[in-house]
Amino acid sequence: MLSRWGPYTNMRMMTSSGPIVIDHAQGVYVWDESGKKYLDAHAGLWLANVGYGRAEIHEAIGKQAEKLSWFSSFGGFANRPSLDLAERLQALFAPENMATVFFSNDGSEAVETALKLSREYWKLMGKPGKTKLIGRQYAYHGVTMGALSVAGITPNRRLFEPLLADARHAPAPYRNHCTFHPGDSQCTMACARELERIIQFEGPDTVAAFIAEPVQAAGGVIFPPADYLAQVRSICQQYDVLFIADEVVTGFGRLGEWSGSRYYHIQPDMMTFAKGITSGYLPLGATAVSAPIFEVFLQNSQDRGPEFRHGNTYSGHPLACAAALANIDLIEKEDLLSRAQEQGRYLNEQLQKLVREFSEDIVDAQCEGLLGRVELHPHEGQAAGIQGEKVSEHMKAQGVIVRPVGDVLTLSPPLIITRQEIDEIIFALHETLAGLK
Ligand code: PLP
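Residues numbered from 1 in each chain as written. Predicted model: local features only at pLDDT ≥ 70, side-chain atom pairs only at ≥ 80, totals over all residues.

A.B. asks: Even after reading the chapter, I still don't get the overall build of the chain, so can you show me in this structure?
C.D. replies: A tally of regular secondary structure across the chain gives 15 helices and 15 strands. On C-alpha atoms alone, the chain measures out to a radius of gyration of 22 Å, which is about the 22 Å that the 2.2 N^0.38 rule sets for 437 residues. Taken over the C-alpha atoms alone, the chain extends approximately 70 × 55 × 45 Å along its principal axes. A total of 437 residues make up the chain; the buried ones form 47% of that total. Nonlocal contacts in the chain, meaning residues at least 24 apart in sequence, comprise 70% of its contacts between residues at least 6 apart. (Helix = DSSP H or I, 4+ residues; strand = E, 2+ residues; numbered from the N terminus. Rg over C-alpha atoms; globule rule 2.2 N^0.38 Å. Buried ≥ 20, exposed ≤ 12 C-beta atoms within 10 Å, placed from the backbone. Contact = placed C-beta atoms within 7 Å.)

A.B. asks: How should I be thinking about the sheet that holds strand β10 (residues 285-290) in this particular structure?
C.D. replies: Backbone hydrogen bonds are what pair the strands of a sheet, in a parallel or an antiparallel way. As summarised here, the arrangement of the 7 strands in space is β4-β10-β9-β8-β7-β5-β6, forming an open sheet in which the pairing is mixed. If you trace the sheet from one side to the other, it starts and ends with β4 (98-104) and β6 (167-170), each paired once. Sheet twist, expressed as the average angle between the axes of neighbouring strands with direction ignored, equals 25°. (Pairing = 2+ DSSP bridges. Axes fitted to C-alpha atoms, helices over the stretch in contact; angles between N-to-C directions.)

A.B. asks: Just to check I follow, could you spell out the sheet that holds strand β3 (residues 37-40) for this structure?
C.D. replies: Within the open sheet, the 4 strands sit side by side as β1-β2-β3-β13. Their pairing is mixed. The open sheet is flanked by β1 (22-26) and β13 (400-401), the only strands paired with a single partner. As judged from the 3 bridges shared by strand β2 (residues 29-32) and β3, these two strands associate in the antiparallel manner. Its bridge partner lying in β3, tryptophan 31 is registered against lysine 37.

A.B. asks: Could you clarify how one ought to interpret the domain arrangement of the chain in this entry?
C.D. replies: As a measure of interface size, the accessible area lost when the parts come together is often cited. Split into domains, the chain comes out as domain 1 (11-53 + 335-435) and domain 2 (58-333). In this structure, domain 1 and domain 2 have C-alpha centres spaced 27 Å apart. Residue assignment for the side of domain 1 that touches domain 2 shows that the elements contributing at least two residues are α2 (43-46), α13 (336-357), β11 (362-368), β12 (371-376) and β15 (408-411). No other element matches α13, which puts 5 residues into the side of domain 1 that touches domain 2. Grouping the amino acids of the side of domain 1 that touches domain 2 by side-chain chemistry returns 13 nonpolar, 10 polar and 4 charged. (Domains from an automatic or database assignment. Nonpolar A, V, L, I, M, F, W, Y, C, P; charged D, E, K, R; others polar.)

A.B. asks: I'm lost on the site of the ligand in this one. Help?
C.D. replies: Close contacts around the ligand come from 14 residues, with Asp106, Gly107, Ser108, Gly142 and Val248 the closest. The element best represented in the shell around the ligand is helix α5 (residues 107-124), accounting for 3 residues. In terms of residue class, the shell around the ligand is made up of 7 nonpolar, 4 polar and 3 charged. (Near = placed C-beta within 6 Å.)

A.B. asks: When you look at the environment of serine 259 in this model, what are you seeing that I'm missing?
C.D. replies: With respect to the helices, strands and loops of the structure, serine 259 is situated in the loop between β8 (242-246) and α10 (260-263). The spacing of serine 259 and methionine 271 is 12 residues in sequence and 9.2 Å in space, taken between C-alpha atoms. Leave out the neighbours within four places in its chain, and serine 259 touches Phe93, Glu96, Glu247, Thr250, Gly251 and Met271.

A.B. asks: For this particular structure, what's the right way to read helix α14 (residues 386-397)?
C.D. replies: Along an α-helix, residues three or four positions apart point the same way, because every turn accommodates 3.6 residues. The end-to-end C-alpha distance of α14, which contains 12 residues, comes to 17 Å, matching closely the 16 Å that a straight helix rising 1.5 Å per residue would cover. Turning to α14, its buried residues are Gln387, Gly388, Val391, Ser392 and Met395. The buried residues of α14 occupy an angular sector of 125° when projected down its axis, which confines them to one face. Seen from the buried face of α14, the exposed residues on the opposite side, beyond 90 degrees, are Glu389, Glu393 and Ala397. Taken together, the buried residues of α14 touch β12, β13, β14 (403-405), β15 and α15 (419-435). After α14 finishes, the residue glycine 399 shows a positive phi value of roughly 90°. (Expected span 1.5 Å × (residues − 1). Arc of directions from axis to C-beta.)

A.B. asks: Teacher, can you tell me more about unusual backbone geometry here?
C.D. replies: Excluding glycine, residues mostly carry a negative phi; peptide bonds, for their part, are mostly trans. The omega torsion of the bond from glutamate 161 to proline 162 falls at 5°, within 30 degrees of zero and hence cis. Within the fold, proline 162 resides in the loop between α7 (154-158) and β6. Of note in this structure, aspartate 240 is not a glycine but carries a positive phi near 55°. Topologically, aspartate 240 is positioned in the loop between α9 (228-238) and β8. A tally of 15 C-beta atoms within 10 Å means that aspartate 240 is categorised as partly exposed. Within the chain, aspartate 335 stands out as a residue other than glycine whose phi angle is a positive 45°.

And the structure:
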């Protein structure tokens, strides 16, 4: 019997084959205990943005550990790295209109914080009936009950129901699997208008917030039409519904911008971050809120007691915040945003060549910044997802890690990746597709 129960893991299979134990990592590569080398084209889980083994981050963590590894941030205490990081994030996300940051441990908690903030906000505004939370089909927001309630990947939800009764779901802007025009190349953005219909149907006086990943990553790297986010943002504004941008994957350079919101030219009311905020060197979540929202909490403040009765023991952990500061330094110093744009263009060009060569196997491919997708045709009579799994297993055997989501291969390599390393990914995919013919 295996002693460790792995996350999202088939434990029956693990009992016979055992996990691949990753031993060490450097740059874009990881090595398992047997010495096999893999190019990690998924950056861990969409997060090792500055790559592995960065001495600058190890040193920052070590230096902070020698001074102060931990002290509570509750009730008026703080540590310097958490204050410095909050200031840094305030400046970085000023164009998105963010003013104040609340720290937690991961993406799920960052989302949970945003959902709770939005409910309290409307109570403070004298509109206690605004409690409903709208997510989208195919959305991934984490594992906690609130985050799961607004998520839209059905198998992740079903066995944990009932979830929050006040959650609703809008359609995803998924061109290849459009609810409104299946198989049609016409896009009328009916999905955006459907959000408006849902808000009207539920009653705007009952809806607190809408949450959206700028690009739906774990749902299959679903890129929205260019104007979609601006349109749903404006619908939310029109009906007094808070707009939460879940930037857990899209934040910190993945799209060649500091955020997906900036990439798609919107200003949300709140943003959630994790993953790339430390490039995975230590766990950290952050929820940023705009000034008008924070002001409402301050205006309703009493002489005693917290305005927001919420907080994680490790909120603003000094080591995690020190890691995040060093990580942001690296992103800036090495101009990894421009690099993600440039290498992303190259990766996209190479993917389009594969689409042309393997037009019977690939539905389409797209890459924006260094976030990419390759959608495969399921083979005749094959259940959905089998082809994705098969191709990714073959690539893994060749030493390249990609992540299948159904029949979509998702790509999210570290932003430091070189052209030569991109060629390695493309070569493995080419050899796999040619070999499976
Ligand atoms: N939000 C998004 C968009 C995610 O992709 C994820 C995780 O993949 C989460 C939230 C949850 O983050 P965590 O796994 O750190 O709790």
